[in-house]
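Chains, contacts and geometry: an overview
Here is how the chains run, residue by residue.
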Protein chains: 2
Amino acid sequence: MDFVFSQATRGLTSSAVREILKLTQGNSVISFAGGLPAEQFFPVQAMRDALNRVMDQGPRALQYGLTEGFTPLREQLCARMARKNMHVTPDHMLLTTGSQQSIDLLTRVLLDKDDVVLVEDPTYLAFLQVLGSAQAHPVKVDGDEHGMNLADLEAKIIKHKPKLVYVIPTFSNPTGRVWNLERRQGIVDLCRKHGVLIFEDDPYGEIKFDSGESFPSLFSLAGSPDDSHVVYTSTFSKTVAPAVRTGWVIGDKRIIGMMTRAKQAADLHSSTLDQQALYQLLCHFDLDAHITTIRDEYKRRMKLMYSLLSEHNIPGLTFSEPKGGMFFWVELPEFLDAEAVLKHAVTEGVAFVPGTPFFAQEPKRNTLRLNYTFADDDTMVRGMNTLANVFKHFLQTK
Amino acid sequence: MDFVFSQATRGLTSSAVREILKLTQGNSVISFAGGLPAEQFFPVQAMRDALNRVMDQGPRALQYGLTEGFTPLREQLCARMARKNMHVTPDHMLLTTGSQQSIDLLTRVLLDKDDVVLVEDPTYLAFLQVLGSAQAHPVKVDGDEHGMNLADLEAKIIKHKPKLVYVIPTFSNPTGRVWNLERRQGIVDLCRKHGVLIFEDDPYGEIKFDSGESFPSLFSLAGSPDDSHVVYTSTFSKTVAPAVRTGWVIGDKRIIGMMTRAKQAADLHSSTLDQQALYQLLCHFDLDAHITTIRDEYKRRMKLMYSLLSEHNIPGLTFSEPKGGMFFWVELPEFLDAEAVLKHAVTEGVAFVPGTPFFAQEPKRNTLRLNYTFADDDTMVRGMNTLANVFKHFLQTK
């Protein structure tokens, strides 16, 4: 039987990186590759209590739910959003299977073949995959550590007439950078002026290391959700647990309504057991105190990785200290290819993600991403020792 | 802000029916519209036990999972499939957010704009919606109560060169019909001969009223899963509970592999909390005994609705007794439009689904679908009384 797949699958080809990382599964490879939270901090007892409270509701808790998601959880999330100056009602919100599904649904309702989307470069690799599947084209906007270059943004809006600008302004994946207020206000103003939709992806906003610092969301800067040109998505994966696969997306009701129809065709609705459990968790568990705990711990782990990266004193290695999120973005000397380094590193027992798949255009092959949230101290020290030796090996054999 | 939606959204326009049925929510309307299981029979205690067993596993249970789904659950499902002569390994299987997501993922990896899919007519309305979103075209194959007409099937394969034939051979939605063995073998042989993929949707196969009767799946008739031209999907929504949103799809590894990549872009993976709970449930709960219980109860409810439909003795109303599944398919006298009847019925306090949206071509506007699994006896008697009066009202005012 010959199978003829759709054109959409051409953007779905398995990457070399995924194939290499598959080798790490089930082995004793220390992985700095995934964006995995620390398991020790998952609120297991609170989740157990929450699930039992859901079961206390009786059989109705196990029935089909609304495509939009469990209403009491949407109400709770509206209250949490309001604390960040995002004033929405449940009608502006759709619950999804993680924020990855928000990305997929928004691209499905907006993008046609050959549409252009402006992106940071590097940017979240799974967003680029979704664009590939939609046969849409990412075009990079120049930027620096403070965010997109606003002049380049406007020039590219005029040149490419994009349907969408996709950004992760707070602790971006993979670079960990944070946009300053001027750039935030600037993108909001420019996109309003030119009638371009902004998709603000904020999975890491809660994982900030300086609790005094405040980074207003683009969504809040854009004002009322009605007629807003910003769509915002976030997730419980990093603050509660990934297994419950619950994200949310907020925006103008016309956008959310269309995404809801697309979701109805895609899967009717996400797990309402998970959504009800998260509702009970928010009612009976101090999620904010929990977030403070994991912030402190992730900051400590980040500092440990920073000192390990520094101590090994590898010539030509550059990186900067992230202000939040889950990753270091590392540049090797220019003559090194991080995919080749990865291949060797995996045989030595340590893994990371090479930078190439995060680039929309002209990849810097000498870059890589390191996660610091998953490994405990001992594992991190061993893994970074191995990795430093791998780097040194490549520098010596040059 | 003007939003320009993608071409794919043109297939997602909200139906008149959905708008009418929205009116029933939160009201005292008795609904025979949805395909909802009876809540009284949800295994609440077993699910609570299962969830607590998952939490006993510790924090790892809350981490990210495989896109393919929780491996021990796939292994359990392989064993269950083997009892029905479907011999697969976990590599042939992908867990999805209900079987609706299997439909969505398969169409995404197979169908391009203007591709043709052969269907029964009427067929599952949400499949037609997904086709609309893919901008693919359903073409109906003639049939009778025993399944598709094989001569018409072959003629249309030759004429339209379809990518796919979509069928629900066992207790179809909406008609409740069951294909006989000759038609089952016939479609498998014809599609093999012409190199056409079959998508077998089997949400209701376990809900059969004559336990002695056996209906082999098309997948089992096609032989080995490797190089098979049948892809099969089913779900726990009707046998355990819809809230856990867990379906599965099996087929040739190339198809399953490509669907897995599409799923990774769509949502990374479905809720592993649900998948782990279902695994624990299968280990510690007699699901087969449970299925026997709900079969018996649904058969009793079906018989009650049958007798109520008969007793009211409505001129020109035709229907036949289903051998399984969840629905009666009813034809009104030809001059009646079921959508107009629904509008009035809702104001009288009872709802159903008109037949029109189930048709790929030339809808019979005098048809409707009635669910008999959700309402308890008292509710069903009251609802059917009201509905009979509504029918009589329309017959009198003719």
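These numbers come from a predicted model, not from an experiment.

A few words on the confidence of the model for chain A. Per-residue confidence for chain A gives a mean pLDDT of 94, with 98% of residues at or over 70. The ipTM, which scores confidence in the relative placement of chains, is 0.96 for this predicted complex, and the corresponding pTM is 0.96.

In a regular helix each residue adds 1.5 Å, so 13 residues correspond to 18 Å; helix α10 (residues 272-284) of chain B covers 18 Å between its end C-alpha atoms and thus fits that length. With 10 of 13 residues buried, α10 of chain B lies mostly within the body of the structure. Regarding α10 of chain B, the residues found buried are Thr 272, Leu 273, Asp 274, Gln 275, Gln 276, Ala 277, Leu 278, Gln 280, Leu 281 and Leu 282 of chain B. Tucked inside the fold, the buried residues of α10 of chain B contact α2 (44-56) and α10 (272-284) of chain A together with α2 (44-56), α3 (71-82), β2 (93-96) and α11 (287-311) of chain B. Here α10 of chain B starts with a cap whose side-chain oxygen sits 3.4 Å from the backbone nitrogen of Leu 273 of chain B, and that cap is Ser 271 of chain B.

This part covers the interface of chain B and chain A. Contacts between the two partners involve 76 residues from chain B and, on the opposite side, 75 residues from chain A. Counting the surface lost from both chain B and chain A, the interface buries some 6,900 Å², and carbon and sulfur atoms represent 60% of this. For the chain B face of the interface with chain A, the top three residues by lost area are Met 1, Leu 62 and Tyr 64 of chain B, together amounting to 11%. Of the charged contacts, one joins Glu 39 of chain A and Arg 60 of chain B as a salt bridge, the two residues approaching to 3.4 Å between their closest N and O atoms. The interface formed by chain B and chain A contains 39 residue pairs in polar contact (both at pLDDT 80 or more). For the side of chain B that touches chain A, the secondary structure elements donating two or more residues are α2, α4 (98-110), α5 (125-134), α9 (253-267) and α10 of chain B. Ranked by residue count, the leading element in the side of chain B that touches chain A is α9 of chain B, at 9 residues. Its residues placed into classes, the side of chain B that touches chain A shows 36 nonpolar, 23 polar and 17 charged.

In this section: the sheet that holds β2 of chain B. All names here are of chain B. Pairing within the open sheet is mixed, and its 7 strands lie in the order β2-β10-β9-β8-β7-β3-β4. Looking at which strands have only one partner, the edges of the open sheet turn out to be β2 and β4 (137-140). If you compare each strand with its neighbour and ignore which way they point, the axes differ by 25° on average. Judged from the 3 bridges that link them, strand β3 (residues 116-119) and strand β7 (residues 164-167) form a sheet pairing that is parallel.

Before going further, it helps to examine unusual backbone geometry. Cis geometry marks the peptide bond from Asp 121 of chain A to Pro 122 of chain A, where omega comes out at 5°. For Pro 122 of chain A, the location among the structural elements is in the loop between β3 (116-119) and α5 (125-133). Cis rather than trans, the peptide bond between Asn 173 of chain A and Pro 174 of chain A has omega equal to 15°. The residue Pro 174 of chain A is located in the loop between β7 (164-167) and α7 (181-194) in this model. Located in the positive-phi region is Asp 114 of chain A, a residue other than glycine, with phi close to 75°. Tracing the backbone through its elements, the reader meets Asp 114 of chain A in the loop between α4 (98-110) and β3. Judged by its relative accessible area of 46%, Asp 114 of chain A falls in the partly exposed class. Positive phi, normally seen in glycine, also occurs at Asp 227 of chain B, with a value near 70°. Following the sequence through the fold, Asp 227 of chain B ends up in the loop between α8 (218-221) and β9 (230-235).

Here we take up the pairing of strand β14 (residues 367-371) of chain A. For a regular strand, side chains alternate in direction, first toward one face of the sheet and then toward the other. All names here are of chain A. Taken across its 5 residues, β14 has 5 buried, putting it largely inside the fold. Residues Thr 367, Arg 369 and Asn 371 of β14 are buried on one face, and the alternating residues Leu 368 and Leu 370, pointing to the opposite face, are buried as well. With 5 bridges joining them, strand β11 (residues 327-331) and β14 adopt antiparallel strand pairing. Residue Val 330 lies in a different strand from β14, and its bridge partner there is Leu 368. Relative to β14, strand β13 (residues 353-354) is paired through 2 bridges, and the arrangement is antiparallel. Paired with Pro 354 across the two strands is Leu 368, which belongs to β14.

Now for the relation of the copies chain B and chain A. In this arrangement, two copies of a chain are superimposed by a rotation about an axis accompanied by a shift along the axis. Of the two same-sequence chains, chain B is brought onto chain A (RMSD 0.0 Å, axial shift 0.0 Å) by a rotation of 180°. Such a combination of rotation and displacement between the chain copies is what one expects of a two-fold axis. A symmetric contact is evident, with 99% of the interface residues of chain B recurring at the interface of chain A.

Attention now goes to helix α13 (residues 377-396) of chain B. All names here are of chain B. The terminal C-alpha atoms of α13 lie 28 Å apart, and with 20 residues this matches the ideal 28 Å at 1.5 Å per residue to within 8%. Those residues of α13 not exposed but buried are Thr 379, Met 380, Gly 383, Met 384, Leu 387, Ala 388, Val 390, Phe 391 and Phe 394. For α13, the angular spread of the buried residues around the axis is 165°, confining them to a single face. Exposed and oriented more than 90 degrees from the buried face of α13 are Asp 378 and Gln 396.

Okay, the packing of helix α6 (residues 150-160) of chain B against helix α7 (residues 181-194) of chain B next. Residues and elements named next belong to chain B. It is at 10 Å that the axes of α6 and α7 come closest, and there the two elements cross at 20°. It follows from the interaxial angle that α6 and α7 lie roughly parallel. Considering only the axes of α6 and α7, their crossing is right-handed. Between α6 and α7, the contacting residues are Leu 150, Leu 153, Glu 154, Ile 157 and Ile 158 on the first element and Glu 182, Arg 183, Gly 186, Ile 187, Leu 190, Cys 191, Lys 193 and His 194 on the second. A class-by-class count of the residues in the contact of α6 with α7 yields 7 nonpolar, 2 polar and 4 charged.

Analysis parameters
- Residues numbered from 1 in each chain as written.
- Chains lettered and ligands numbered in written order.
- Predicted model: local features only at pLDDT ≥ 70, side-chain atom pairs only at ≥ 80, totals over all residues.
- Heavy atoms only, no water.
- pLDDT = per-residue confidence, 0-100.
- Helix = DSSP H or I, 4+ residues; strand = E, 2+ residues; numbered from the N terminus.
- Expected span 1.5 Å × (residues − 1).
- Buried < 20%, exposed > 50% of the residue type's maximum accessible area, 1.4 Å probe, protein only.
- Contact = heavy atoms within 4.5 Å.
- Polar contact = N/O pair within 3.5 Å; in protein donor to acceptor, adjacent residues only side chain to side chain.
- Buried area = accessible area lost by both parts, 1.4 Å probe.
- Salt bridge = Lys/Arg side-chain N within 4 Å of Asp/Glu carboxyl O.
- Nonpolar A, V, L, I, M, F, W, Y, C, P; charged D, E, K, R; others polar.
- Pairing = 2+ DSSP bridges.
- Axes fitted to C-alpha atoms, helices over the stretch in contact; angles between N-to-C directions.
- Least-squares fit on C-alpha atoms with pLDDT ≥ 70 in both.
- Arc of directions from axis to C-beta.
- Parallel < 35°, antiparallel > 145°, perpendicular 65-115°, else oblique.
- Left-handed = near helix turned anticlockwise from the far one by under 90°.

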